[in-house]
Amino acid sequence: MRVLVSDPLAEEGIRRLETAAEVDVITNLTPEELVERIKGYDALVIRSGTKVTADVINAADRLKVIARAGVGVDNVDVDAATKKGIIVVNAPGGNTISAAEHTIAMMLALARNIPQAHASVKRGEWNRKKYTGVEVFNKTLGIIGLGRIGTEVAKRMKAFGMRILAYDPFITESKAAELGIKLASLEEIYRESDFITVHTPLTPETRNMIDEPQIKMMKPTVRLINCARGGIINEAALARAVAENRIAGAAVDVYTKEPPVGNPLIEQERIITTPHLGASTAEAQINVALAVADQIIAISRGQLPTTAINLISIPPETMAVMEPYMDIAERMGRLLGQLGTSRFEQLEIVYGGSIAEKDTRLITIAAVKGLLSAIGAHANLVNSLTLLKEKGVKLIESKTEVANGYSNLITMRLKTTSETFAVHGTVYRPDDRRIVQINDYRVHVPTEGNLVLVLHEDRPNIIGPVCVVLGEANINIGSMHVGRISPGQPQLMVLNVDSPVSDETLKRILSVSGVLSARTISM
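Residues numbered from 1 in each chain as written. Predicted model: local features only at pLDDT ≥ 70, side-chain atom pairs only at ≥ 80, totals over all residues. Heavy atoms only, no water.

A. Quick peek at the sheet that holds strand 22 (residues 515–522). Sheet architecture is open: 4 strands sit in the order 20-21-19-22, paired in antiparallel fashion. Strands with a single pairing partner mark the edges of an open sheet, and in this sheet they are strand 20 (477–484) and strand 22. Across the sheet, the mean angle separating the axes of adjacent strands is 15° when strand polarity is ignored. Across 7 bridges, the pairing between strand 19 (residues 450–456) and strand 22 is antiparallel. The residue of strand 22 that forms the bridge with leucine 453 is arginine 519. Along the sheet, helix 17 (residues 503–510) contacts strand 19 and strand 22; its crossing angle with strand 22, the most-contacted strand, is approximately 155°. (Pairing = 2+ DSSP bridges. Helix = DSSP H or I, 4+ residues; strand = E, 2+ residues; numbered from the N terminus. Axes fitted to C-alpha atoms, helices over the stretch in contact; angles between N-to-C directions. Contact = heavy atoms within 4.5 Å.)

B. The arrangement of the environment of serine 120 in detail. Note that serine 120 resides in helix 6 (residues 114–122). The buried category is assigned to serine 120, whose relative accessible area is 2%. Separated by 19 residues in the primary sequence, serine 120 and lysine 139 have C-alpha atoms spaced 27 Å apart. (Buried < 20%, exposed > 50% of the residue type's maximum accessible area, 1.4 Å probe, protein only.)

C. Quick look at unusual backbone geometry. Residue proline 259 is bonded to the preceding glutamate 258 through a cis peptide linkage, with omega at 0°. One non-glycine residue, asparagine 28, lies in the positive phi region at around 60°. Checked against the element boundaries, asparagine 28 lands in the loop between strand 2 (22–25) and helix 2 (31–37). One non-glycine residue, histidine 276, adopts positive backbone phi at about 55°. On the basis of relative accessible area, histidine 276 is assigned to the partly exposed category, the value being 26%.

D. The pattern of salt bridges, seen in detail. This model, assessed by the stated rule, comprises 30 salt bridges. The salt bridge involving lysine 219 is made with aspartate 194; its shortest N-O contact spans 3.0 Å. One end of the pair, lysine 219, is in the loop between helix 10 (212–216) and strand 10 (223–226); the other, aspartate 194, is in the loop between helix 9 (186–192) and strand 9 (195–198), with 25 residues separating them in the sequence. With its nearest N and O atoms 3.4 Å apart, the salt bridge here joins glutamate 212 to arginine 246. Here glutamate 212, found in helix 10, pairs with arginine 246, found in the loop between helix 11 (235–243) and strand 11 (249–252); they are 34 residues apart in sequence, far enough to count as distant. (Salt bridge = Lys/Arg side-chain N within 4 Å of Asp/Glu carboxyl O.)

E. Region of the structure containing the packing of aromatic side chains. Counted according to the given criterion, the structure contains 1 aromatic pair. When the ring centre of tyrosine 41 is taken as origin, the NZ or CZ atom of arginine 2, which lies over that ring, is 4.2 Å away. (Phe/Tyr/Trp six-rings, centres within 6.5 Å; stacked < 30°, edge-to-face > 60°. Lys NZ or Arg CZ within 6 Å of the ring centre and 35° of its normal.)

F. Structural view of helix 12 (residues 282–300). For helix 12, spanning 19 residues, the distance from its first C-alpha to its last is 27 Å, which sits close to the expected 27 Å at 1.5 Å a residue. Among the residues of helix 12, those classed as buried are Ala284, Gln285, Val288, Ala289, Val292, Ala293, Gln295, Ile296, Ile297, Ala298 and Ile299. Glycine 302, located one to two residues past helix 12, shows a positive phi value of around 85°. (Expected span 1.5 Å × (residues − 1).)

G. Looking closely at helix 5 (residues 96–112). Under the 1.5 Å per step criterion, the end-to-end length of helix 5 is 25 Å for 17 residues, consistent within 8% with the ideal 24 Å. Residues of helix 5 that are buried include every one of Thr96, Ser98, Ala99, Ala100, His102, Thr103, Ile104, Met106, Met107, Ala109, Leu110 and Ala111, and no others. Looking one or two places after helix 5, you find asparagine 113, whose phi comes out positive at around 55°.

In structure tokens form, the structure reads like this:
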């Protein structure tokens, strides 16, 4: 595996990567140089400096993972990466404490005018009255975004005796109560807070979420802190509000353009500015470097990452339980894809029994991956659902307690323009996965290797001659399973064979008297 590191990365992370990959550290690449350089690399490690555009992604010929040594991935075209099947991972927990502590440091410096007072003393002045500050004790802190960083800020500022209001549509009342926080609307936060700090990603919904109308709702004594992402607070509106004394001040660590040359925020004395230092501690840099290195190594070993942006993240202990179901679902999808001979219209997946109680999203993705792989699509766990949608195939999922006598049952039905096929599978044990029904035929087929499916008349002296044909082609039969719906109706014979069956051998099987159809399946 070849890894390109295009932004400065802690040495500990590079050494970790070198245990499993060939690593090149080449920083300060121009966009054009990165487009040329990315060819031949399996992984790209970045921080905030490198912009991974669609041009870069489209130029990559081997890229499997883009790893951001930090939280935000707004410098990565995630949609383009997803479409090409490239996993995008980050390190959401590595700099949590550093970012929370920097937010608090900015808040306290803002409350006590520390940077301005420091500069004044350095100039030989002694003006204590000018830099009189305010206490945070008994003040109201509004937190917008109660994720990892927002939660850590809340915990620490509770210890300062602050009243905490928080807005986060994904946090429950019980979780907020556990933290001693009151959930509030954005309007409540704007109207009631003495300090407001934002901790959301930058998305179309959060861009300029604090602008002139929101600032007009605030107290004239409010102080704003943004250590999250530039653009969440409208910079021009914030600068005007401070300059016109409509709010007391602000502290900003992030900007829409960095460095913030010509930015109105840096012109205001009562706006404290730092050069994107939220994650700039020795500990955080090591943590995020090691985190992304571990994710890349896991992917290189065929494992699923735990911090993927464009892939469902499941804890390792849960993944150990889900892996057998993902495996059989992918093989069932591959089987269905080879049965279908006309354009796919609809894929239906039904989860029955104990598996219906689980989070089955990754199982569904694995099933779609198998289906699309059968028709030559370059599908993986990242881009499968996108590719299925692009092909106009409708996906239907449902769950039921019914499992037809099995403890768990996955049923997949593929509707094409000409016919419908169905496959049923179960996991007896992690190492024993079986196809138990194909269309209306009950079978008991292992899910590995190569299959030969033979539909034949229900009469003697057919199975033997088919096996003779395989024997003459030096193809060993691992197992045989025969299912029938009722006496006199055609039977389905499923043979597990140890090697692929050639077209010539398949023609000979079809020539056996009583054989109605035959096809080979690669599982």
